[in-house]
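Structural description and commentary
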Amino acid sequence: MNHFLDIHKTDKDALRAIIDSAADIKNARAGKAKAALDAELPLKDRMVALIFEKPSTRTRTSFDVGVRQMGGQTMVLSGADMQLGHGETIADTARVMSRYVDMIMIRTFDEAVLEELAEYASVPVINGLTDRTHPCQIMADILTYEEHRGPIKGKKVVWCGDGNNVCASFLHAAGQFGFDLTFTGPVQLDPEMEFVGLARSQGSTINIERDPFKAVEGADLIVADTWVSMHDAQSAKERRHNMLRPYQVNADLMAAAGKDALFMHCLPAHREEEVTSEVMDGPQSVIWDEAENRLHAQKAVMKYCLEG
Ligand code: CP
Ligand code: NVA
């Protein structure tokens, strides 16, 4: 049994195998190749619990659809409605849930909840986002980049804005998949230096550049995310917007990057804030493929978890 807790905690070869398997699963679904793969129904007669302590459109829907396409069933649970929200320990919840279901996906606040759940569950646990990381998103992003441009190894990714949970998983992926990453954003919102150091120790070039126009020079991929994440205080919204406005991804910034650079955003996006509609709906944007690929990447993640 394998958990899927974070990209830096997953074996490098396993990560590559998950991406390749995701591409095969996607092709099989489209009737293109290896059709037997999708007919395997690896989740037949299995129940997967999807626990959400925060809102979700893509993660909820793509996991639910993915489990069903693999022959399994889902139970979508709101953390607040469970005893989890009323004092039962995470360890006890993990022990009990493991007696009912075959896999648990959780979206939560503190990553300690995810870690405790994984420690005490006897079934695989998948990270569906915490305040600190969002690994399933980045597996979909790697799949998307490689579909459009081939291997991501050696490429330059530029993260624009807040050094948040999605940025953290991008840094983990930089180290594991061997690409470089430039962060451009205000100093107050730098990514965690521990993660920057980890990627550097794995051989990736990680730069921090305050000037967004300098940062995007030679970029292969530009990535943006919301300026106020679900775990951020709404009272900080105006201050964050003021700090982050210079880092908006707009047509001028994309022009500085060059016409071959792709644009990604995990969504939900706030149009005309972190990114303009012109870029989101423009020719360099691959955001809808990126959203679709959550489904295929997560099916491969679930297969990996079951195979152990
Ligand atoms: N990108 C992403 O995780 O979207 P949701 O919050 O809608 O699940
Ligand atoms: N950084 C965002 C990602 C949403 C998918 C958040 O945590 O709200």
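Here the structure is a predicted model, which means the values were calculated and not measured.

Moving on: the pairing of strand β5 (residues 156-160). Burial analysis of β5 places four of its five residues in the buried class, which makes it a mostly covered element. Here five bridges tie β5 to strand β6 (residues 180-184), and the two strands are oriented parallel to one another. Counted as the bridge partner of tryptophan 159 is phenylalanine 183 from β6. Relative to strand β8 (residues 221-224), β5 is paired through four bridges, and the arrangement is parallel. Note on β8: the bridge partner recorded for cysteine 160 is alanine 224.

Turning next to the pairing of β8. Residues Leu221 and Val223 line one face of β8 and the alternating positions Ile222 and Ala224 line the opposite face, and both faces are buried. Pairing of β8 with strand β9 (residues 262-265), which is carried by four bridges, proceeds in the parallel orientation. Bridging from a neighbouring strand, isoleucine 222 pairs with phenylalanine 263 of β9.

Let us now look at unusual backbone geometry. Look at the link from leucine 267 to proline 268: it is a cis peptide, with omega at 5°. Of note, proline 268 is situated in the loop between β9 and α12 (277-280). The phi dihedral of aspartate 45 is positive, around 65°, even though this residue is not glycine. Tracing the backbone through its elements, the reader meets aspartate 45 in the loop between α2 (36-39) and β1 (47-52). Its identity as a non-glycine residue notwithstanding, glutamate 272 has a phi of 70°, on the positive side. By secondary structure assignment, the location of glutamate 272 is in the loop between β9 and α12. With relative accessibility at 46%, the residue glutamate 272 sits in the partly exposed group.

What follows deals with the site of ligand 2. Inspection of the region around ligand 2 gives Leu129, Asn164, Asn165, Val166, Asp225, Thr226, Ser229, Met230, Cys266 and Leu267 as its neighbouring residues. At a separation of 2.7 Å, a nitrogen atom of ligand 2 approaches a polar side-chain atom of serine 229. If ligand 2 stood free it would expose 270 Å²; the protein chains cover 95% of that surface. Judged by the proximity of its atoms to the pocket grid, ligand 2 belongs to the largest pocket. Class assignment of the residues belonging to the shell around ligand 2 gives a composition of five nonpolar, four polar and one charged.

Scoring rules and cut-offs
- Residues numbered from 1 in each chain as written.
- Chains lettered and ligands numbered in written order.
- Predicted model: local features only at pLDDT ≥ 70, side-chain atom pairs only at ≥ 80, totals over all residues.
- Heavy atoms only, no water.
- Buried < 20%, exposed > 50% of the residue type's maximum accessible area, 1.4 Å probe, protein only.
- Helix = DSSP H or I, 4+ residues; strand = E, 2+ residues; numbered from the N terminus.
- Pairing = 2+ DSSP bridges.
- Near = heavy atom within 4 Å.
- Polar contact = N/O pair within 3.5 Å; in protein donor to acceptor, adjacent residues only side chain to side chain.
- Areas by Shrake-Rupley, 256 points an atom, 1.4 Å probe, with all protein chains shown as cover.
- 1 Å grid on protein atoms, 1.4 Å probe; cavity = no way out; pocket = protein on both sides within 12 Å on 5 of 7 lines; lining within 4 Å.
- Sits in = over half its atoms within 2 Å of the grid points.
- Nonpolar A, V, L, I, M, F, W, Y, C, P; charged D, E, K, R; others polar.

In short, geometric facts, not functional conclusions.
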